[in-house]
Structure formats: C-alpha cells, structure tokens
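Observations on the model geometry
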Amino acid sequence: MNPTRAEISLKRLEDNYNEIRKHLQKAKPNKKIKICAVVKANAYGHGLREISQKLVSLGVDYLGVANYDEAIKLRTHIPKAKILVFGTLIHSKLKPAAYVSKLLKYNLVATVASLSTAKFLDFYSKKLNRKFKVHIKIDTGLKRIGFDVKRAFKNVEQIFNYKNLEIEGIFTHFATSESRDKSFARLQLNKFNELLYNLKKAGMEFPIVHCANSGAILNIKDSYFDMVRPGLILYGYFPSDETKHKINIKPIMNLKSKVTFIKRVDANTSISYGRKYFTDRKVFIGSIPIGYGDGYWRAFSGKGKVFINHKTYPIVGAITMDWLMINLGVQTDVRIGDDVLLMGMENSNYIGADTLAKIAGTIPYEIICAVADRVPRVYLDY
Ligand SMILES: Cc1ncc(COP(=O)(O)O)c(C=O)c1O
C-alpha cells in the first residue's frame, strides 16, 4: 500500500471547536451564539462526511456548504443537521419543479442573493405547497454575490412579500476581516448594521443574523450577531499572522508518508527534473512517494523541509508528480520505512500549511484544499 496519507485528528477538531465556543462565550457571556461550521470543498480537504459527523456530534448548529451538489451529498451523510447553501441556484440548467422538490426533500436552506432566485423558489414552493427556508445575502463590500447594501432595503421588502419563503436569516461576508487594518471590515459592518436597523424599524426582523468568518471571530467581536461561520480555524490554522495565537488551535491534518528509497550519490550530482540542484558533497538522498499529484506543490521545490524522527531535512531538486527527494546528509540514521511529516504538527514538530503557503506565495486555505483525492484520509480519535 502506498504509505502517503493524510492523518486527521478528530480529537483536535473537537479541541478547536471547543476553543471557538470558549472564545465566543468569553466575548459574549450572556448569549449563546450559534456556530455554522463551514464544510465546503470537502471540509477544506479534510473529508466532508467524517468532519461533518464529528461536528454534529459536538452539537454544531449549522453546516455551511458552497453549492447544492455539496449540500445534497452532505445530506446523504447527515440526515438531520441544518444545512445552509452559501451559493446561488443556477436556474437555467434545471427541471425546476423536480429540482426544487428535491431540495425541499433534502431539507436544505437556500441563500437568496437575487430577486430572481426568490421568485423562482417562491413560485415552485407554492406549486409544491411547501415553504422554502432561506437566508438573504447582502453584499456590503466583497462584491461576490448578494444584494448591494445600497439598494437592499427595497429588495428585502420585496422578498418579504413572497409568502412561500420562510425568511430565517440574513447575512453578509467580509473582505478583510483577518487584517490588522480593520477599516474596511468596520465599514462593511456599519453598512450591515444600518440596513438591519432600517429593516427592523419597518418591521422586518430575522431569527438568525450572521456575518463573522474566522478572521472576524478572532478580530471583530461585535460582528457575531446570532451565529458565526468559522471555516479555517476549525481546521487549525489562522487566516493571517495578525490573528495568530488569539485562540489555542492546532492543525487537524498531518500529511505523512514514508521514506521508500535511499541512495548515496557523489558530489556534484544533479537531483530531479531540470537539474536545478547539485549535491555539494557525497550524501545520502532519500525519496518520498509524494508529489504535486498528491497536492504537495511543486512550488515547495528546494524550499520546503520535512520532519523524520524529529529532525528536519531539506527538499532538494524539483518536486515531481509522485516523488520528492530530500538530502539526508553525509551520514544518516534514517532508514527505509521511517515516517515523514510533510505538513502539520506532531509533538513540537511544526510544518504548517501557513508555513508552506508563504513558500508558495498563497494562503493556507489553498494548501489544505489542494491535498488530492488520491491521498487517503485516515481518521484518528487522538
Ligand atoms: C460565506 C462564507 N462564510 C464563511 C466562510 C468561512 O471562512 P473562513 O474559512 O475564513 O472562516 C466562507 C469561506 O470562505 C464563506 O464563503
């Protein structure tokens, strides 16, 4: 069996979840703020089913996914939990009545980000003699989807006229909640608050108002409202250096493999494709069966390191699709079969997705989501 695997600690997930709960409780002791755990993109690469089942067992209030395909898949694993779909309905490709009936059967909560979606869901729900539960999405500045906050009052008023929709929530999403400079996030929050105030004055209220992603949970306490939507921090990473260490979380995924080949090479020997690296002396080179085909980026070539038995070894030469090579030094006690930590945290050994993201010039989100399907996920209770 290929030794490359992603070990996922459900215990650490539990600890991270409890840390978030504790943080919310401390900030708002008089209110039980709901948690909508964000499990889109296969739970950020960690496995939709196992992660969601664990979160439900911990009492999470809601699960959030990006689109209806993810939601339907999730519903087959999780019969009961509330599922909010953040994305829009693509009306054109559907046989509408059948599709809406399916969504109702799966008991999904839809995001309404346009009047056409509201009209569509209302029309078919009426035909089916049902009510469709929805959350209204307000665009306060991300400019992705949602009703432009400037005109949203009128739009929301119109949605309240659709009698076959049950309006359970209203929400917005930050563009910069993880930054040290909070000015734009504050601007978004102010606009959202002003809209909520005007809606309330006109008699329009919502059982669940929500706004905060990981950055805002750590950075902007007055954005919590009734529910928060953590993604990244559940998986053990901070969205920015500025938000680091505000709570005690740990990466829940350890990407691991084993040393499977060792050879001794002469000085001035090139390693891997393109001959970008040459040994400067006679050394042992180890080969690890993981590469960019597993989601371990080629961008880490010559810059990344791995842990073997608590020692670090540099990645040398280009990372290939299925292999990478490490320099084990002039002498080595590393043996074939030894475990290799490529990403994550074991004891005090840390090579986080945040560290790797910096090497690749990206964000930890992209690094964890990129771990390929061919890497088996192994779930641990510790
Ligand atoms: C609508 C929405 N809410 C919450 C999140 C969670 O964000 P984060 O992983 O930064 O907590 C996301 C993810 O991008 C999202 O799209």
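Residues numbered from 1 in each chain as written. Predicted model: local features only at pLDDT ≥ 70, side-chain atom pairs only at ≥ 80, totals over all residues. Heavy atoms only, no water.

1. Quick notes on the overall build of the protein
The secondary structure content of the protein amounts to eleven helices and 21 strands. Summarising its shape, the C-alpha atoms of the protein cover approximately 80 × 45 × 35 Å along the three principal directions. Residues counted as buried form 54% of the 382 residues belonging to the protein. Surface exposure of the protein reaches about 17,600 Å², of which carbon and sulfur atoms provide 51%. (Helix = DSSP H or I, 4+ residues; strand = E, 2+ residues; numbered from the N terminus. Buried < 20%, exposed > 50% of the residue type's maximum accessible area, 1.4 Å probe, protein only. Areas by Shrake-Rupley, 256 points an atom, 1.4 Å probe, with all protein chains shown as cover.)

2. What about the environment of Pro 376?
By the secondary structure assignment, Pro 376 is in the loop between α11 (364–369) and β21 (377–380). What makes Pro 376 partly exposed here is its relative accessible area of 39%. Note: C-alpha distance between Pro 376 and Lys 131 (245 residues apart in sequence) is 40 Å.

3. So, the site of the ligand
Inspection of the region around the ligand gives 13 residues, with Lys 40, Tyr 44, Ser 214, Arg 229 and Tyr 365 positioned closest. Ser 214 has a polar side-chain atom sitting 2.5 Å from an oxygen atom of the ligand. Among the residues making up the shell around the ligand, the classes are represented as six nonpolar, four polar and three charged. (Near = heavy atom within 4 Å. Polar contact = N/O pair within 3.5 Å; in protein donor to acceptor, adjacent residues only side chain to side chain. Nonpolar A, V, L, I, M, F, W, Y, C, P; charged D, E, K, R; others polar.)

4. Some points on the pairing of strand β1 (residues 5–9)
Of all five residues in β1, five are buried; the element is thus mostly enclosed. Burial of the side chains of β1 extends over both faces: Arg 5, Glu 7 and Ser 9 are buried on one face and Ala 6 and Ile 8 on the other. With four bridges connecting them, β1 and strand β11 (residues 253–258) associate as antiparallel partners. Bridging across to β11, Ile 8 finds its partner in Met 253. Pairing of β1 with β21 involves four bridges; the strand directions are parallel. Following the sheet pairing, Ile 8 is matched in β21 by Tyr 379. (Pairing = 2+ DSSP bridges.)

5. A word on the domain arrangement of the protein
When cut into domains, the protein gives domain 1 (33–235) and domain 2 (253–380). Here the C-alpha centroids of domain 1 and domain 2 sit 39 Å apart. Taking both partners together, domain 1 and domain 2 bury about 780 Å²; carbon and sulfur atoms supply 67% of that area. The largest share of the area that domain 1 buries against domain 2 comes from Tyr 44, His 46 and Leu 232, three residues that together contribute 58% of it. For the pair domain 1 and domain 2, the interface holds zero salt bridges. At the boundary of domain 1 with domain 2, the tally comes to three residue pairs in polar contact (both at pLDDT 80 or more). Ranked by residue count, the leading element in the side of domain 1 that touches domain 2 is helix α2 (residues 40–45), at three residues. (Domains from an automatic or database assignment. Buried area = accessible area lost by both parts, 1.4 Å probe. Salt bridge = Lys/Arg side-chain N within 4 Å of Asp/Glu carboxyl O.)

6. Some thoughts on the pattern of salt bridges
This structure, assessed with the given rule, holds 25 salt bridges. Between Asp 222 and Arg 186 there is a salt bridge, with the nearest N and O atoms lying 3.2 Å from each other. Of this pair, Asp 222 sits in the loop between α9 (214–219) and β10 (227–228) while Arg 186 is found in helix α8 (residues 183–201), placing the two residues 36 residues apart along the sequence. The partly exposed category is assigned to Asp 222, whose relative accessible area is 41%. In this structure Arg 186 comes out as partly exposed when scored by relative accessible area, which is 33%. Of the charged contacts, one joins Asp 241 and Lys 244 as a salt bridge, the two residues approaching to 3.3 Å between their closest N and O atoms. The exposure class of Lys 244 is partly exposed, given its relative accessible area of 25%. A single network of salt bridges, built from pairs that share partners, joins Arg 5, Glu 7, Lys 256, Lys 258, Asp 339 and Glu 346.

7. What to know about the packing of helix α1 (residues 10–27) against helix α3 (residues 48–57)
Between α1 and α3, the shortest axis-to-axis distance is 10 Å and the interhelical angle comes to 50°. By the criterion of interaxial angle, the relationship of α1 to α3 is oblique. Seen along the crossing, α1 lies across α3 with a hand that is right-handed. Across from Leu 10, Leu 13, Glu 14 and Tyr 17 in α1, the residues of α3 making contact are Glu 50, Ile 51, Lys 54 and Leu 55. For the contact of α1 with α3, a count of residues per class yields five nonpolar, no polar and three charged. (Axes fitted to C-alpha atoms, helices over the stretch in contact; angles between N-to-C directions. Parallel < 35°, antiparallel > 145°, perpendicular 65-115°, else oblique. Left-handed = near helix turned anticlockwise from the far one by under 90°. Contact = heavy atoms within 4.5 Å.)

8. Quick notes on the nonpolar core
By size, the foremost hydrophobic cluster in this structure holds 120 residues, and its most contacted members are Val 39, Ile 51, Leu 55, Leu 121, Ile 138, Tyr 296 and Met 343. By residue number, the principal contributor to this core is α8, which donates six residues. Split by domain, the residues of this core number at least three in each of domain 1 (33–235) and domain 2 (253–380). Aside from chain neighbours lying at most four places away, what touches Leu 55 is Leu 13, Tyr 17, Ala 37, Val 39, Val 60, Leu 63 and Leu 234. Ranked by size, the runner-up nonpolar core spans six residues in total, among them Val 265, Ile 285, Val 316 and Met 325. (Core = buried A, V, L, I, M, F, W, Y, C linked by side-chain atoms within 4.5 Å.)

9. Quick word on unusual backbone geometry
Notably, Phe 225 is not glycine yet its phi reads approximately 50°, a positive angle. Among the structural elements, Phe 225 can be located in the loop between α9 and β10. Residue Phe 225 is classed as buried on the basis of its relative accessible area, which comes to 18%. Look at His 310: it is not a glycine, yet its phi comes out positive at around 70°. Along the chain, the position of His 310 falls in the loop between β16 (305–308) and β17 (311–316).

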